[in-house]
Amino acid sequence: MVEIYKETGRMIKDIDDSFFNAILQKQFEYQPELKERYNSKQIQKYIDDTKYHLSYLSEAITNNRQVLFNEYLAWIKIYFNGLPVTDDEIILNFLLVRDGLKEILPNEMSNISSKFINTGIEYYKSKPPLLPSFITDENPFKELAQNYLSFLVNGDKNSAHQLIMKSVENKTSIKDLYLNVFQVTQKETGRLWQLSRITVAQEHFITAATQLIMAQLYPYLFTTELKNYKVIVSCVEGELHEIGARMVADIFEMEGWNSYYFGANTSIDNLIDNIKKHQPNIVAISATMIFNISTVSKIIQTIRKFDSLKKIKILVGGYPFLIAEDLWKDIGADGFASDALAAVEIAERFLNQ
Ligand code: B12
């Protein structure tokens with residue numbers, strides 16, 4: 001049962017370029033006006049987008065989690081809402097992919113992919129293209145977060161920096177700044193980009209400024225009594241979102257752990273070599289993009305192969321694990337946490353068992 005899903009996901013992942021060109025030609029047959037409208041850049045974009053859709057479909061099927069595909073479709077709906085691509089064009093693209101897969105996959109597998117795509121399309125149709133702010137009324141630091149982000153959106157990193165340093169002087173804890181200010185303003189930045197309210201350059205500027213400001217807070221991190229525990233924190237290969245992992249490493253450090261932070265896009269081989277070398281109590285693996293779940297799973301399987309690493313507990317975290325309940329169990333991790341504070345709590349619970 002599980003194997004057929006994995007095999008279907010794998011076959012979809014391995015599909016070659018001729019498939020995507022055939023889908024494009026079919027879309028032109030149904031919508032000849034698109035053929036007139038698309039220049040070579042738009043044709044390439046259509047092909048890239050279709051490949052991208054399949055990378056999500058493949059992970060959703062591999063893990064037998066409709067929610068992973070649905071959330072992606074909800075994301076597309078909002079993203080394309082501000083752009084000159086209609087719902088009908090997007091839905092037709094998915095229908096053509098579904099029918100194209102019927103031609104190349106064995107029956108049992110194409111039934112699975114059709115079910116995922118049909119359910120996804122219904123979800124797409126039912127979702128309004130709305131995305132509420134991540135800076136909510138429940139956030140005790142709402143005003144600080146709003147003011148901080150507003151400075152950065154306007155390109156004023158010095159005022160953003162001063163605002164944070166002033167709140168540190170006023171005894172706001174680093175943990176509150178991390179979770180209630182930086183984490184939510186980063187997510188809000190993503191939302192503003194997705195809604196086309198800020199540019200990619202602004203998003204990069206805000207992220208770089210936040211990383212710089214987090215680095216200025218380092219003197220406040222290393223104040224606790226040291227424990228004799230080690231943690232390795234790393235993003236998987238292909239994963240460029242590193243701030244969540246950085247926060248996890250920093251909060252471990254604040255709690256007296258010795259942390260080894262390897263950042264974004266670390267190769268499996270390199271990670272395994274370092275796990276062998278440092279023999280940590282905990283390995284914390286971070287992934288944000290749904291198409292990286294398989295790599296997380298591969299890392300876990302590789303660690304489990306070595307007798308010398310048997311005692312190590314593996315934690316996973318990041319967006320896919322937040323939306324797909326118990327996915328962490330299915331891929332063989334020992335635990336999952338929704339944020340950096342909870343990560344340390346779980347890790348210490350393991351060690352006190
Ligand atoms: C900054 C950013 C980038 C930067 C990252 C730079 C950097 N140095 O990190 C860059 C420009 C590289 C980037 C690239 C892309 N991005 Co981007 N990015 C973001 C953004 C705005 C912020 C990420 C962030 O810092 N979040 C804040 C951290 C603190 O939150 P977190 O990661 O969830 O971490 C917490 C918990 O999850 C947990 N946790 C995390 N890891 C772990 C691990 C363990 C073990 C545990 C226990 C817990 C844990 O603890 C953390 C701290 O509390 C997000 C928006 C968002 N919603 O996150 C989009 C976002 C993730 N990106 C998105 C996209 C689409 C992309 C690109 C595809 C864009 C493109 N067209 O190229 C690429 C993909 C790159 C790749 N292959 O990885 C989308 C993803 C949507 C989707 N469908 O999946 C988002 C959601 C934006 C959006 N709203 O549309 N991005």
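Residues numbered from 1 in each chain as written. Predicted model: local features only at pLDDT ≥ 70, side-chain atom pairs only at ≥ 80, totals over all residues. Heavy atoms only, no water.

Trainee: Explain the packing of aromatic side chains to me, using residue names and the numbers behind them.
Mentor: If you walk through the whole model with that rule in mind, you get 17 aromatic pairs. Each ring, one from Phe 28 and one from Tyr 38, has its centre 5.9 Å from the other, and the planes form 70 degrees; the classification is edge-to-face. With Phe 28 in helix α2 (residues 17-30) and Tyr 38 in the loop between α3 (32-37) and α4 (40-62), the pair connects residues that are 10 residues apart, well separated along the chain. Using a relative accessible area of 7% as the deciding quantity, one classes Phe 28 as buried. Counting every residue linked through ring pairs, the aromatic cluster contains Tyr 52, Tyr 56, Tyr 72, Trp 75, Tyr 79, Phe 80, Trp 193 and Phe 291. Taking the ring centre of Phe 306 as reference, the NZ or CZ of Lys 276 above it sits at 3.9 Å. Geometry around Phe 350 places Lys 313 over its ring, the cationic atom sitting 5.4 Å from the centre. (Phe/Tyr/Trp six-rings, centres within 6.5 Å; stacked < 30°, edge-to-face > 60°. Helix = DSSP H or I, 4+ residues; strand = E, 2+ residues; numbered from the N terminus. Buried < 20%, exposed > 50% of the residue type's maximum accessible area, 1.4 Å probe, protein only. Lys NZ or Arg CZ within 6 Å of the ring centre and 35° of its normal.)

Trainee: Explain the site of the ligand to me, and be specific about the residues and the numbers.
Mentor: Taken together, 39 residues lie around the ligand, and Trp 75, Gln 183, His 241, Glu 242 and Ser 286 are the ones closest in. Within the side chain of Trp 75, a nitrogen or oxygen atom sits 2.6 Å from an oxygen atom of the ligand. Every element with two or more residues in the shell around the ligand is listed here: α4, α5 (66-81), α10 (174-194), α11 (200-216), α13 (243-254), β3 (282-286), β4 (313-317) and α18 (340-352). A class-by-class count of the residues in the shell around the ligand yields 18 nonpolar, 15 polar and 6 charged. (Near = heavy atom within 4 Å. Polar contact = N/O pair within 3.5 Å; in protein donor to acceptor, adjacent residues only side chain to side chain. Nonpolar A, V, L, I, M, F, W, Y, C, P; charged D, E, K, R; others polar.)

Trainee: Explain the coordination of the cobalt atom of the ligand residue by residue, including any values.
Mentor: Around a metal, the idealised angle for a tetrahedral arrangement of four donor atoms is 109.5 degrees; for an octahedral arrangement of six donor atoms it is 90 or 180 degrees. The sole protein-derived ligand of the cobalt atom of the ligand is His 241 (NE2), positioned 2.2 Å away. Of note, His 241 is situated in the loop between β1 (230-235) and α13. (Donors = N, O, S within 2.8 Å, 3.2 Å for Na, K, Ca; no water.)

Trainee: Pulling in residues and values, what's your account of the domain arrangement of the protein chain?
Mentor: A common measure of how large an interface is: the accessible area buried when the components associate. Each domain of the protein chain was delimited in the assignment, giving domain 1 (2-126), domain 2 (142-220) and domain 3 (224-352). Across the boundary between the two partners, domain 1 contributes 10 residues, which contact 15 residues of domain 3. Summing both sides of the interface, domain 1 and domain 3 together bury roughly 1,000 Å²; the carbon and sulfur share of this comes to 59%. Together, Glu 59, Arg 65 and Leu 68 form the three largest contributors to the area buried by domain 1 at its contact with domain 3, with a combined 48%. Inspection of the domain 1/domain 3 interface yields 1 salt bridge. Between Arg 65 and Asp 330 there is a salt bridge, with the nearest N and O atoms lying 2.6 Å from each other. (Domains from an automatic or database assignment. Contact = heavy atoms within 4.5 Å. Buried area = accessible area lost by both parts, 1.4 Å probe. Salt bridge = Lys/Arg side-chain N within 4 Å of Asp/Glu carboxyl O.)

Trainee: Account for the pairing of β4, with residues named and values stated.
Mentor: Judged by how many residues are buried, β4 sits mostly within the fold: 4 of 5 residues are covered. Of the strand pairs in this sheet, β3 and β4 are connected by 5 bridges, and their pairing is parallel. Directly across from Val 283, in β4, lies its bridge partner Ile 314. In this view, the connection linking β3 to its parallel neighbour β4 by way of helix α15 (residues 293-305) has right-handed handedness. (Pairing = 2+ DSSP bridges. Right-handed = clockwise from strand over helix to strand, strands pointing away.)

Trainee: Tell me about the nonpolar core, residues and numbers included.
Mentor: Counting residues in hydrophobic clusters, the biggest one holds 65 residues, and the most contacted among them are Leu 57, Phe 69, Leu 101, Ile 285, Val 296, Val 316 and Phe 321. Split by domain, the residues of this core number at least three in each of domain 1 (2-126) and domain 3 (224-352). Each residue touching Leu 101, except ones within four places of it in the same chain, is listed here: Ile 12, Ile 15, Phe 19, Leu 57, Ser 110, Ser 113 and Ile 117. Counting residues in each nonpolar core, the second largest holds 46 residues, with Ala 145, Val 231, Trp 257 and Ile 346 among its members. (Core = buried A, V, L, I, M, F, W, Y, C linked by side-chain atoms within 4.5 Å.)

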